[in-house]
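# Notes for the structure review
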Amino acid sequence: MSDLFNNSRPECEEIYPDMFLLTDFTPIEPISKQANLIIKLSPFRRMMTPMGHYTGIEITNCGEYGWTSDLNGYQYSTIDPVTRKNWPLMPEEFLQLANRAAKTVGYDNFIPDSCLINQYKIGTSLGTHQDKDEKDYQWPIVSLSIGLTATFQVSGAKRTGNSTAFQLHQGDVLVWGNSARLAYHGVKKLKPDTLNPRLDKRINLTFRKAG
DNA sequence: TAGTCACA
DNA sequence: TGTG
């Protein structure tokens, strides 16, 4: 994993209505260091979907609530089904990053109680879906990208039809809420970086207020 | 259909 | 390769 921090100026662009891309928003090194500690406590695993398939990406969580999937459906749980213990604590660095990103685009006092950590290997993707398992949709979704660049696709209120796609680079934070809160979105199949063949994965941190 | 796969 |  590269720890390089691109020193270009952070930018904030409303890339879709009520969806903001904060380019190069944070140094990655301290964040990925904490993520690695979490992964040791609650390891990555694929999860069974309600339809009986496994997710392509690998998943773990930290914070009070973790997003889980099994044959019964999706739900937030305070217990990791693999370790049968609570999820690892949310690091202070995570809380502050998510709070600062939300505040940058107008959401004050965002205190996430859930951080979903998704690992994308080359060739994996995340199908179009909504984030709708949270209790209160007034809070935004805050998402940090680490590692390989991915193509993020938003298709709005409908799962199919017109869509907008853009790149998410390491250090980028995407924040969405209000009219975009329940927008269908997904991540296209991850491709290798021909200039950095050593990079072989992408890790995404998604901060939410679930409970 | 937090997936895939057949089809354009 | 993008879409339903």
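Right above here is the structure, for reference.
What you are looking at is a predicted structure, and each value in this text was computed from that prediction instead of being measured.

Glancing now at the nonpolar core. Core analysis: the largest hydrophobic core is formed by 30 residues, its most contacted members being Phe94, Val142, Val173, Leu205 and Phe207. Elements with a contribution of two residues or more to this core: strand 2 (19-23), helix 1 (29-41), helix 2 (92-104), strand 6 (114-121), strand 8 (141-147), strand 11 (173-176) and strand 13 (201-208). Look past the residues within four positions of Phe207 in its chain and what remains in contact with it is Met90, Phe94, Leu97, Ala98, Phe110, Pro112, Ser114, Cys115, Pro140, Ile141 and Val142.

The antiparallel open sheet is built from 7 strands, whose spatial order is 1-2-11-8-13-6-3. Whereas interior strands pair on both sides, the edge strands pair on one side only; in this sheet they are strand 1 (11-16) and strand 3 (58-62). Here the strands of the sheet are splayed against their neighbours by 20 degrees on average, with no regard to which way each runs. Direction of pairing for strand 1 relative to strand 2: antiparallel, over a ladder of 5 bridges. The residue bridging Glu14 from the neighbouring strand is Phe20, located in strand 2.

The next point concerns the protein's contact with DNA strand B. Taken together, 16 residues surround DNA strand B, and among them Met51, Trp67, Tyr74, Gly127 and Arg159 come closest. With respect to DNA strand B, the backbone of Gly127 contributes an N or O atom lying 2.6 Å from a phosphate oxygen. A distance of 3.3 Å is found between a sugar or linking oxygen of DNA strand B and a side-chain nitrogen or oxygen belonging to Arg159. The biggest single contributor to the surface near DNA strand B is strand 7 (residues 126-129), with 3 residues.

Criteria and cut-off values
- Residues numbered from 1 in each chain as written.
- Chains lettered and ligands numbered in written order.
- Predicted model: local features only at pLDDT ≥ 70, side-chain atom pairs only at ≥ 80, totals over all residues.
- Heavy atoms only, no water.
- Core = buried A, V, L, I, M, F, W, Y, C linked by side-chain atoms within 4.5 Å.
- Buried < 20%, exposed > 50% of the residue type's maximum accessible area, 1.4 Å probe, protein only.
- Helix = DSSP H or I, 4+ residues; strand = E, 2+ residues; numbered from the N terminus.
- Contact = heavy atoms within 4.5 Å.
- Pairing = 2+ DSSP bridges.
- Axes fitted to C-alpha atoms, helices over the stretch in contact; angles between N-to-C directions.
- Near = heavy atom within 4 Å.
- Polar contact = N/O pair within 3.5 Å; in protein donor to acceptor, adjacent residues only side chain to side chain.

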